[in-house]
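# Chain and residue survey
Residue strings, one per chain:
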Amino acid sequence: RRLADRLFGPPAFQNAKVSYDNVPTVIFSHPPIGTIGLTEQEAIEKYGPANIKVYRSKFSNLYYGPWKVDSDEKPKTAMKLVCAGTNELVVGLHVIGMGADEMLQGFGIALKMGATKADFDSCVAIHPTAAEEFVTMFPWGLGSENQVSGAKVSPLNGNAAPEPILGV
């Protein structure tokens, strides 16, 4: 779309470009896998281990609630938020499990806009959904002493993704 805007749109779009930072990616497997941003290891290599905080969750999706099977036997969903800096900028988001493919687009927008753990914590969860786990990951509302919103850099026209504020 940005190329079409640049080539065929009005003069205001002559410099329109796509940002390839934080592109959501989904593997349509069973269960589906979704990923956006840096892996935990990539974040450590880029920002240093002292500047990374990782939030994880593993649970049985509510879809499987009525199944007459031991909870250990029910398919699991696993989620990971990789945060960097004292502002806990979300630099990676990863999920495997039912609904991963559907939820990733919205979180892609959040990462493009520079969402922090505080932004995730301030979001009212949609219940009952698997996606709500990303906005209720422990510790909720206590993840950073520097509770700031990251939505300060427009992701339009090829701007680079926001960078964390490093404390070390």
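Residues numbered from 1 in each chain as written. Predicted model: local features only at pLDDT ≥ 70, side-chain atom pairs only at ≥ 80, totals over all residues. Heavy atoms only, no water.

On to a nonpolar patch on the surface, then. A contiguous nonpolar patch, built from Tyr 63, Trp 67, Val 69 and Met 98 and spanning about 380 Å² of accessible area, is present on the exposed surface. Following the sequence through the fold, Trp 67 ends up in the loop between β3 (52-60) and β4 (76-84). (Patch = residues over 30% accessible without salt bridge, like charges linked within 9 Å, V, L, I, M, F, W, Y side chains within 5 Å. Areas by Shrake-Rupley, 256 points an atom, 1.4 Å probe, with all protein chains shown as cover. Salt bridge = Lys/Arg side-chain N within 4 Å of Asp/Glu carboxyl O. Helix = DSSP H or I, 4+ residues; strand = E, 2+ residues; numbered from the N terminus.)

Okay, the confidence of the model for the chain next. Looking at the chain, the pLDDT average stands at 87 and 89% of residues meet or exceed 70. The least confident element of the chain is helix α4 (residues 117-122), whose mean pLDDT is 87; the most confident is helix α2 (residues 40-47), at 98. (pLDDT = per-residue confidence, 0-100.)

Let us look at the layout of surface pockets. Space inside the second largest pocket adds up to approximately 200 Å³. Forming the boundary of the second largest pocket are 14 residues, of which Asn 22, Leu 38, Lys 46, Tyr 47 and Ala 161 lie nearest the centre. Elements represented by at least two residues in the lining of the second largest pocket include exactly α2 and β5 (89-96). Top element by residues in the lining of the second largest pocket is β5. It accounts for 3 residues. Its residues assigned to classes, the lining of the second largest pocket comprises 8 nonpolar, 3 polar and 3 charged. (1 Å grid on protein atoms, 1.4 Å probe; cavity = no way out; pocket = protein on both sides within 12 Å on 5 of 7 lines; lining within 4 Å. Points joined across faces, edges and corners; volume = space filled by probe spheres on them. Nonpolar A, V, L, I, M, F, W, Y, C, P; charged D, E, K, R; others polar.)

Okay, the pattern of salt bridges next. For the structure shown, the criterion picks out 5 salt bridges. The closest approach of N and O atoms between Glu 163 and Lys 46, which form a salt bridge, is 3.7 Å. You can see Glu 163 sitting in the segment after α4 and its partner Lys 46 sitting in helix α2, a full 117 residues away along the chain. Take Glu 163: its relative accessible area is 47%, and that puts it in the partly exposed class. For Asp 121, the salt bridge goes to Lys 117, with nearest N and O atoms at 2.6 Å. You can see Asp 121 and its partner Lys 117 sitting in helix α4, 4 residues apart, about one turn around the helix. The same class applies to Asp 121 as to Lys 117, namely buried. (Buried < 20%, exposed > 50% of the residue type's maximum accessible area, 1.4 Å probe, protein only.)

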